[in-house]
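Descriptive structure summary
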Amino acid sequence: MNLPAEPALLARAERQAQVVRALQAVLPASSLLWTQEATTPYECDGLTAYRQRPLVVALPESEAQVQAVLQVCHALQVPMVARGAGTGLSGGAMPHALGVTLSLAKFNRILKVDPLSRTARVQCGVRNLAISEAAAPHGLYYAPDPSSQIACTIGGNVAENSGGVHCLKYGLTLHNVLRVRGFTVEGEPVEFGSEALDTPGYDLLSVVIGSEGMLAVTTEVTVKLVPKPQLARCIMASFDDVRKAGDAVAAVIAAGIIPAGLEMMDKPMTAAVEDFVHAGYDLTAQAILLCESDGTPEEVAEEIGRMEAVLLQAGATAIAVSRDEAERLRFWSGRKNAFPASGRISPDYMCMDSTIPRKRLADILLAIQQMEKKYGLACANVFHAGDGNLHPLILFDANDADQLRRCELFGADILETSVAMGGTVTGEHGVGVEKLNSMCVQFSAGERAQMLAVKAAFDPQALLNPGKVIPTLNRCAEYGKMLVRGGQIAHPDLPRF
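Please read these numbers as outputs of a predicted model, since none were measured by experiment. Numbers given to residues run from 1 along each chain, matching the order in which its sequence is written. The predicted nature of this model means local features are confined to residues of pLDDT at least 70 and side-chain atom pairs, given and counted, to a pLDDT of 80 or more, with totals for whole chains, interfaces and linings taken over all residues. Excluded from the side-chain calculations are hydrogens and water; all other atoms, namely the structure's heavy atoms, are used.

Tallying secondary structure elements over the protein gives 17 helices and 19 strands in all. C-alpha atoms define the radius of gyration, and 2.2 Å times the number of residues to the power 0.38 defines the globule rule. Relative to a compact globule of 497 residues, whose C-alpha radius of gyration would be 23 Å, the protein shows 23 Å and is just as compact. Exposure classes here rest on a 1.4 Å probe applied to the protein chains alone. A residue is buried below 20% of its type maximum, exposed above 50%, and partly exposed in between. In the protein, buried positions account for 53% of the 497 residues. When contacts within the protein are restricted to residue pairs at least 6 apart in sequence, those whose partners lie at least 24 apart make up 72%. Shrake-Rupley sampling with a 1.4 Å probe provides the accessible areas, and residues are treated as covered by the protein chains on show and by no other component. Carbon and sulfur atoms make up 55% of the accessible area of the protein, which totals about 20,600 Å². Counted as positive: Lys and Arg. Counted as negative: Asp and Glu. His and the chain ends are not counted at all. Taken as the charge location is NZ of Lys, CZ of Arg, CG of Asp or CD of Glu. With 43 positive and 54 negative side-chain charges, the protein shows a separation of 2 Å between the mean positions of the two kinds. In DSSP terms, a helix is any run of H or I states spanning at least four residues, a strand is any run of E spanning at least two, and both are numbered starting from the N terminus. Contacts are assigned to residue pairs with any non-hydrogen atoms lying within 4.5 Å of each other.

Spelled out as structure tokens, the structure:
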């Protein structure tokens, strides 16, 4: 006997059929996916702890098709989530259960590299590293270099305002993008910024970069290119105490030195990456710093000498300076492979992303060590020490519901502690779904209302990436009740809810 489907499942099936029929009129059959098998690969991004299959996946191949998909979805009031390579770490590309995932993976062409103006015009699905590869024959490259640069796309970088290990000297995506083209939720063409140094009117480019796909859909980006330095050398400095390492970071900046890169890893992380890539790290050190200088040979020699002196004065127990390009790349290979290395030692990890004042680096590391005991989970730490952007990787097993619960509390504690130390709940990974509750802690109801007002100016029906980034009043109220019931409020003096 065939039993009737549950009402919710039946309603979903009817809605799916309606959306598929409408999209079939504007897309070829090969550009639409809706079966369970076909849509499962899209159920999450790099934050694998949370999953949701989309109603439909659309894979347009042209801007005209993107426009048509947006117009259809807007007419049907269907939520839409734009997706690039799916390497994000905050759940920003997690699908909506009753929405369309708009995959822009086919927008992968480099349209123009202009060595005279030092710019490149690329489609949103072009990989970050591919831009530098295309610019290399002209002696140029694209500076922002997230650890996932071999896979992540420039459209995703724009959505999250990504940085990388060289962001201290060369800036984030915001500082390296001139122009963004795309479409509004209604399918209207829109352009932010220009190839000129400035544009008339409000600086909406700064609003769109880092907006996590909530304001518009990006299809094309014009980026700045910078000359490849004549020489780059990297210092690996070992410390027998994390406080000494943290203080050394502040000392380097206080000395008026802006390294090309300034990264820090604690002992658990160095052990994980050394076993994976054999970068030559000092496994006896409690923490290591990677400090890079680039420029002319004379500039590099002078800056390396100054940094060595500062690091030794700060208590470095050992210092190694890369002797050639191969060794420099080997030093960085460990830092660049921190995330996959962590995946080898734990079934799952949750990579947090907060920012604190540089002078508090040691304080947050010591606080995290206490949290490991509190929540019964290990944590390996790697971060952009130069600008105080932390990336603690909490190790857990997502198949164990209690471990997932403790991991979530651990992560929230790190974010809340960062705010208490004068920092923020995010740096470059975005808010997505991961940090919604923590947004309740950092921002007041009035501040969140202003954020929602900006969202409404672009997307009045809240169809683009709904339920992400900005928590509702009800969510914050429920989160507050949960913390009070569980006795989990770590910093009761912070403004909240």
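Moving on to a nonpolar patch on the surface. Each patch is assembled from residues with relative accessible area greater than 30% and no salt bridge, linking like charges that lie within 9 Å and nonpolar side chains (Val, Leu, Ile, Met, Phe, Trp, Tyr) that lie within 5 Å. Here, a salt bridge means any Lys or Arg side-chain nitrogen found within 4 Å of an Asp or Glu carboxyl oxygen. The grouping of Tyr-202, Leu-204, Val-207 and Val-454 at the surface amounts to a nonpolar patch, some 390 Å² of accessible area in total. Residue position: Leu-204 is located in the loop between strand S9 (189-193) and helix H7 (205-208).

We now examine the side chain of Thr-173. Relative to the helices and strands, Thr-173 resides in the loop between helix H6 (167-170) and strand S8 (177-183). Here Thr-173 falls in the buried class, since its relative accessible area comes to 0%. In the analysis that follows, any N or O atom pair within 3.5 Å is treated as a polar contact, provided that within protein one partner can donate a hydrogen and the other can accept it, and provided that, for residues neighboring in sequence, both atoms belong to side chains. At a separation of 2.8 Å, a polar atom in the side chain of Thr-173 contacts the main-chain carbonyl oxygen of Ser-162. When near neighbours in sequence (up to four residues on either side) are disregarded, Thr-173 contacts Tyr-142, Pro-144, Asn-157, Val-158, Asn-161, Ser-162 and Ile-209.

Okay, empty space enclosed by the protein next. A 1.4 Å probe that fits into a set of points on a 1 Å grid over the protein atoms alone but cannot get out defines a cavity; an open set with protein on both sides within 12 Å along at least five of seven lines defines a pocket, and lining residues are those with an atom within 4 Å of a point. Grid points are joined across faces, edges and corners, and a volume is the space filled by probe spheres set on the points. Under the counting rule described, the total for this entry stands at 2 cavities of 30 Å³ or more. Size it by volume and the second largest cavity reaches roughly 50 Å³. In this structure, the second largest cavity is lined by Gly-46, Leu-47, Thr-48, Ala-49, Leu-89, Asp-348, Tyr-349, Met-350, Cys-351 and Phe-396. With 4 residues, the single largest contributor to the lining of the second largest cavity is strand S16 (residues 348-351). Each residue is assigned to one class: nonpolar for Ala, Val, Leu, Ile, Met, Phe, Trp, Tyr, Cys and Pro, charged for Asp, Glu, Lys and Arg, and polar for all the others, Gly among them. Among the residues making up the lining of the second largest cavity, the classes are represented as 7 nonpolar, 2 polar and 1 charged.

A few words now on the packing of helix H8 (residues 242-254) against helix H13 (residues 361-375). An axis is simply a line fitted to the C-alpha atoms; with a helix, the fit covers only the stretch in contact. Between two such axes, the angle follows the N-to-C directions and lies from 0 to 180 degrees. Where H8 meets H13, the axes come as close as 7 Å, and the angle between the chain directions of the two elements is 150°. By the angle between their directions, the pair H8 and H13 is classed as roughly antiparallel. Packed against H8, whose contacting residues are Val-242, Arg-243, Gly-246 and Val-249, the element H13 presents Leu-361, Ala-362, Asp-363, Leu-365 and Leu-366 at the interface. For the contact of H8 with H13, a count of residues per class yields 6 nonpolar, 1 polar and 2 charged. Working definition: roughly parallel below 35 degrees, roughly antiparallel above 145 degrees, roughly perpendicular at 65 to 115 degrees, and oblique for all remaining angles.

Bringing helix H3 (residues 63-76) into the picture now. The first and last C-alpha atoms of H3 sit 20 Å apart over 14 residues, in line with the 20 Å expected at 1.5 Å per residue. For H3, the full list of buried residues reads Gln-65, Val-66, Ala-68, Val-69, Leu-70, Val-72 and Cys-73. Where H3 is buried, its residues touch helix H1 (7-24), strand S2 (56-58), strand S3 (80-83), strand S4 (100-103), S8 and strand S10 (217-224). Phi turns positive one or two residues past the end of H3, at Gln-77, with a value near 60°. In this scheme, a helix's expected span is set at 1.5 Å multiplied by one less than its residue total.

A few words now on the state of the cysteines. By definition, disulfides here are pairs of cysteine sulfur atoms that lie within 2.5 Å. Tallied over the entire structure, the rule returns 1 disulfide. What pairs with Cys-440 in a disulfide is Cys-476, and their sulfur atoms sit 2.1 Å apart. Negative torsions about the S-S bond denote left-handed disulfides, and the value of about -80° found for Cys-440 with Cys-476 makes this one left-handed. Taken together, the residues Cys-440 in helix H15 (residues 436-442) and Cys-476 in helix H17 (residues 473-486) connect sequence positions 36 residues apart. The pair formed by Cys-440 and Cys-476 is uniform in burial state, with each residue classed as buried. Cysteine Cys-44 is unpaired, with the sulfur of Cys-407 as its nearest cysteine sulfur at 15 Å. Unpaired in terms of disulfides, Cys-152 finds its nearest cysteine sulfur in Cys-124, a separation of 13 Å.

For the rest of this paragraph, the subject is the packing of helix H9 (residues 267-277) against helix H12 (residues 338-345). Where H9 meets H12, the closest approach of the two axes is 9 Å, and the angle between their N-to-C directions is 90°. In terms of axis orientation, H9 runs roughly perpendicular to H12. Within the contact between the two elements, H9 uses Met-269, Ala-272, Val-273, Asp-275 and Phe-276 and H12 uses Ala-338, Pro-340, Ala-341, Ser-342, Arg-344 and Ile-345. For the contact of H9 with H12, a count of residues per class yields 8 nonpolar, 1 polar and 2 charged.

For the rest of this paragraph, the subject is the layout of surface pockets. Estimated volume of the second largest pocket: approximately 590 Å³. Lining the second largest pocket are 25 residues, with Gly-210, Ser-211, Glu-212, Met-451 and Val-469 sitting closest to its centre. Of all the elements in the fold, those that place two or more residues in the lining of the second largest pocket are H7, H15 and helix H16 (445-458).

So, about the sheet that holds S4. At least two bridges found by DSSP between two strands are what make those strands a pair. Here we have 4 strands laid out as an open sheet, ordered S1-S2-S4-S3, and mixed in their pairing. Single-partner strands in this sheet number two, and they are strand S1 (32-33) and S3. Bridge analysis of S3 against S4 gives 4 bridges, and the strand direction is parallel. Across the sheet, residue Ala-82 finds its bridge partner in S4, namely Leu-102. Together, S1, S2 and S4 form the strand contacts of H1, whose direction differs from that of S2 by roughly 15°.

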